[in-house]
Amino acid sequence: MNQLDETSHNLIFEGKRLEPVSLDCNMVGFCSKCDLDLESLAYHSTESNWLVCAHCRNEHLILMRYDRQWNWQGDYDLEIGTEKVSVSSIAKEKLETVFTQAEIRDMLAYEQSAPYTRQNLYRARAKYEKFEKLFGIKIDV
Ligand SMILES: [Zn+2]
């Protein structure tokens, strides 16, 4: 599923992470589900395409793909979510408010495919939701 991050507006498209080139709000067509106007949320570009994330007032989401000359190429499903973040990219001070030293060590070890203690990782995973609520960061381990 293609995902637009609700805060950074980064787009995960076919497994690639794209930063927005514009957050302009334009009328970009009509919703195929309910016929209401579609408004753009964010524009992204790849080497060969423009990608436009849009929604209607009924919160139907759509990702439209165009070539570089703005010829329509196709529509894709889109969801809005919170981008998952690797443990090593999160500030230690933040991690330490929720996780123990042993849990942090083993989350990092797991991320780096190093040996880790399974129980520590299980305990850490049980706290991901709490961490997400506190910092709005979804951990991807
Ligand atoms: Zn709609």
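Quick notes on the rules
Residues numbered from 1 in each chain as written. Predicted model: local features only at pLDDT ≥ 70, side-chain atom pairs only at ≥ 80, totals over all residues. Heavy atoms only, no water. Helix = DSSP H or I, 4+ residues; strand = E, 2+ residues; numbered from the N terminus. Rg over C-alpha atoms; globule rule 2.2 N^0.38 Å. Buried < 20%, exposed > 50% of the residue type's maximum accessible area, 1.4 Å probe, protein only. Contact = heavy atoms within 4.5 Å. Areas by Shrake-Rupley, 256 points an atom, 1.4 Å probe, with all protein chains shown as cover. Lys, Arg positive; Asp, Glu negative; His and termini not counted. Charge placed at Lys NZ, Arg CZ, Asp CG, Glu CD. Pairing = 2+ DSSP bridges. Axes fitted to C-alpha atoms, helices over the stretch in contact; angles between N-to-C directions. Donors = N, O, S within 2.8 Å, 3.2 Å for Na, K, Ca; no water. Tetrahedral: all angles 85-135°; square planar, octahedral: opposite > 155°, others 65-115°. Domains from an automatic or database assignment.

Broken down by element type, the chain carries four helices and 11 strands. For 141 residues, the compact-globule estimate of 2.2 N^0.38 gives 14 Å, and the chain exceeds it by more than 25% at 19 Å. Dimensions along the principal axes, computed over C-alpha positions, put the chain at roughly 50 × 30 × 20 Å. Within the chain, buried positions represent 39% of all 141 residues. Considering only intrachain contacts with a sequence separation of at least 6, the fraction spanning at least 24 residues in the chain is 39%. As displayed, the chain offers around 8600 Å² of accessible surface, 47% of which is attributable to carbon and sulfur atoms. Charge centroids of the chain, computed over 17 positive and 23 negative side chains, lie 9 Å from each other.

This next bit is on the sheet that holds strand 6 (residues 49–55). Read across the sheet, five strands follow the order 4-5-6-7-8 without closing on themselves; strand pairing throughout is antiparallel. The open sheet has two edge strands, strand 4 (27–30) and strand 8 (72–76), and neither has a second partner. With strand direction ignored, the average angle separating the axes of adjacent strands in the sheet is 35 degrees. Across six bridges, strand 5 (residues 37–45) lies against strand 6 in antiparallel orientation. Looking across to strand 6, one finds that His44 is bridged to Leu51.

Turning next to the pairing of strand 6. Counting buried positions over the seven residues of strand 6 gives seven, a clear majority of the element. Counting the residues in the hairpin turn of strand 5 and strand 6 gives three residues. As judged from the seven bridges shared by strand 6 and strand 7 (residues 61–67), these two strands associate in the antiparallel manner. Across the sheet, Val52 pairs through a bridge with Met64, a residue of strand 7. The turn linking strand 6 back onto strand 7 is made up of five residues, and Glu59 within it adopts a positive phi angle of 65 degrees.

The subject of this paragraph is the coordination of the zinc ion. Around the zinc ion, the donor atoms from the protein are Cys31 (SG), Cys34 (SG), Cys56 (SG) and His60 (ND1), and they sit 2.0 to 2.3 Å away. Around the zinc ion sit four donor atoms; with metal-centred angles ranging over 103 to 118 degrees, the donor geometry is tetrahedral. Mapped onto the polypeptide sequence, the residues donating to the zinc ion form the spacing pattern C-x2-C-x21-C-x3-H. Placement of the pair is Cys31 in the loop between strand 4 and strand 5 and Cys56 in the loop between strand 6 and strand 7, with a sequence separation of 25 residues. Here the two residues Cys31 and Cys56 agree in accessibility, since each one is buried.

Okay, helix 2 (residues 101–111) next. Of all the residues in helix 2, the buried ones are Glu103, Ile104, Asp106, Met107 and Ala109. Considering only its buried residues, helix 2 is in contact with helix 1 (92–98), helix 3 (118–125), helix 4 (128–135) and strand 11 (138–139). With its phi angle positive at about 55 degrees, Ser113 sits one or two positions after the end of helix 2.

Turning our attention to the domain arrangement of the chain. Interface size is commonly expressed as the accessible surface area that is lost when the partners come together. According to the domain assignment, the chain consists of domain 1 (2–81) and domain 2 (84–139). In this structure, domain 1 and domain 2 have C-alpha centres spaced 32 Å apart.

Our next topic: the pairing of strand 8. Inspection of the sheet shows strand 7 paired to strand 8 by four bridges, in the antiparallel sense. Opposite Tyr66, over in strand 8, you have Trp72 as the bridge partner.

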